[in-house]
Amino acid sequence: MFSGIVEEMGVVKKIEKRSSFWTIIIEAKNTASLLHVGSSVAVNGVCLTVVKKSGYRLFVNAVRPTLEITNLKTARSGAKVNLERALGVDKNLEGHFVLGHIDCQVKIVSLVKQGDYYQLELECPSVYSELVIDKGSVALDGVSLTVAEAGKKSFWVNIIPFTFSHTIWQYRKRGDLVNAEFDYLAKITVQYLKRLRDKGS
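Basis of the calculations
Residues numbered from 1 in each chain as written. Predicted model: local features only at pLDDT ≥ 70, side-chain atom pairs only at ≥ 80, totals over all residues. Heavy atoms only, no water. Pairing = 2+ DSSP bridges. Helix = DSSP H or I, 4+ residues; strand = E, 2+ residues; numbered from the N terminus. Axes fitted to C-alpha atoms, helices over the stretch in contact; angles between N-to-C directions. Phe/Tyr/Trp six-rings, centres within 6.5 Å; stacked < 30°, edge-to-face > 60°. Buried < 20%, exposed > 50% of the residue type's maximum accessible area, 1.4 Å probe, protein only. Lys NZ or Arg CZ within 6 Å of the ring centre and 35° of its normal. Contact = heavy atoms within 4.5 Å. Polar contact = N/O pair within 3.5 Å; in protein donor to acceptor, adjacent residues only side chain to side chain. Core = buried A, V, L, I, M, F, W, Y, C linked by side-chain atoms within 4.5 Å. Salt bridge = Lys/Arg side-chain N within 4 Å of Asp/Glu carboxyl O.

1. Quick notes on the sheet that holds strand β3 (residues 40-43)
Spatially, six strands are ordered β1-β2-β5-β4-β3-β6 in a closed barrel, and the strand pairing comes out antiparallel. Direction aside, neighbouring strands of the sheet carry axes that sit 45° apart on average.

Spelled out as structure tokens, the structure:
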């Protein structure tokens, strides 16, 4: 489990591609020094397992289903990625509960600087629209953000300058696809209500 508070931007150094999975090699001085083989790490919000370490380099595997649903399939050597270690009992939950299980990718409709912050509009697949509520939480590329406004086909979030400059959001642009994990509490609530409705029908 994670909190959506990015700890470091890592750099993809190499990708070893196999038919059923990719091994992504990421250089990250701070994160690598704190992890060991078998540790979980969120890469752009995707929960992956460290299968090997070499100096400041982490080796993680992404299987085909994960690649298909996330933007890791577009990763290239030299690309930067958001990294977060799994929550420990000694860490504060400063974002929200993030599992690292991506629901879908959402497209950036606009990314505009509004004075001292950035306003982002994202296109949301209709099947997930009921999970996006005003002032609710969403993890985008592993960053915990608050929904500023929810529309029928899109939603808006605001990004403060610190978050923008310390994550890969500084490299994002209109049309990019980002990993979205919708609030787990919203998901279980909607699922529970659906089950009650189905029992009553």
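2. Regarding the pairing of strand β5 (residues 57-63)
Where strand β2 (residues 21-27) and β5 come together, seven bridges link them in antiparallel fashion. Along β5, the bridge assignment pairs W22 with A62. Judged from the four bridges that link them, strand β4 (residues 46-54) and β5 form a sheet pairing that is antiparallel. Bridging from a neighbouring strand, S54 pairs with R57 of β5. Taking the residues that link successive antiparallel strands as the turn, the β4-β5 hairpin has two residues, and the phi of G55 there is positive, at about 65°.

3. Thoughts on the packing of aromatic side chains
Using the criterion set out here, one finds two aromatic pairs in the structure. For the pair Y118 and F164, a centre-to-centre distance of 3.7 Å together with 5° between the ring planes defines the contact as stacked. Within this pair, whereas Y118 is found in strand β8 (residues 117-123), its partner F164 is found in helix α3 (residues 161-165), the two being separated by 46 residues in sequence. Residues Y118 and F164 agree in their burial class; the two are buried. Judged by centre distance (5.3 Å) and plane angle (25°), the ring pair of Y128 and F182 falls under stacked. Linking Y128 in the loop between β8 and β9 (137-140) with F182 in strand β12 (residues 177-182), this pair joins segments that are 54 residues apart in sequence. The exposure classification of Y128 matches that of F182, with both residues buried. Stacked on the ring of F59, the Lys or Arg K52 has its end atom at 4.8 Å from the ring centre.

4. Remarks on the environment of E121
Among the secondary structure elements, E121 is positioned in strand β8. Linking E121 and C104, residues 17 residues apart in sequence, is a C-alpha distance of 16 Å. The residues contacting E121, other than those within four sequence positions of it, are K107, I108, V109, S110, S154, F155 and W156. A polar contact is formed between the side chain of E121 and the side chain of S154, at a distance of 2.9 Å.

5. Some thoughts on unusual backbone geometry
Of note, K135 is a non-glycine position whose phi angle comes to about 70°, a positive value. Note that K135 resides in the loop between β8 and β9. Even without being a glycine, D141 presents a positive backbone phi close to 50°. Locating D141 in the fold gives a position in the loop between β9 and β10 (143-150). Given the relative accessible area of 0%, D141 is considered buried.

6. Some words on the nonpolar core
Within the largest apolar cluster, 26 residues are counted, with the highest numbers of intra-cluster contacts made by L122, L140, F155, W169 and F182. Elements that contribute at least two residues to this core include exactly β7 (104-114), β8, β9, β10, β11 (154-159), β12 and α4 (184-200). Aside from chain neighbours lying at most four places away, what touches L140 is V106, L120, L122, L145, F155, V157, W169, V178, N179 and A180. Of all hydrophobic cores here, the second largest spans 22 residues; its members include I15, A32, A62 and L67.

7. Regarding the pattern of salt bridges
Inspection of the entire model under this criterion finds nine salt bridges. A salt bridge links R197 to D198, with the shortest nitrogen-to-oxygen separation between them at 3.8 Å. Using a relative accessible area of 55% as the deciding quantity, one classes R197 as exposed. Connected through shared salt-bridge partners, D141, R172, K173 and D176 make up one network.

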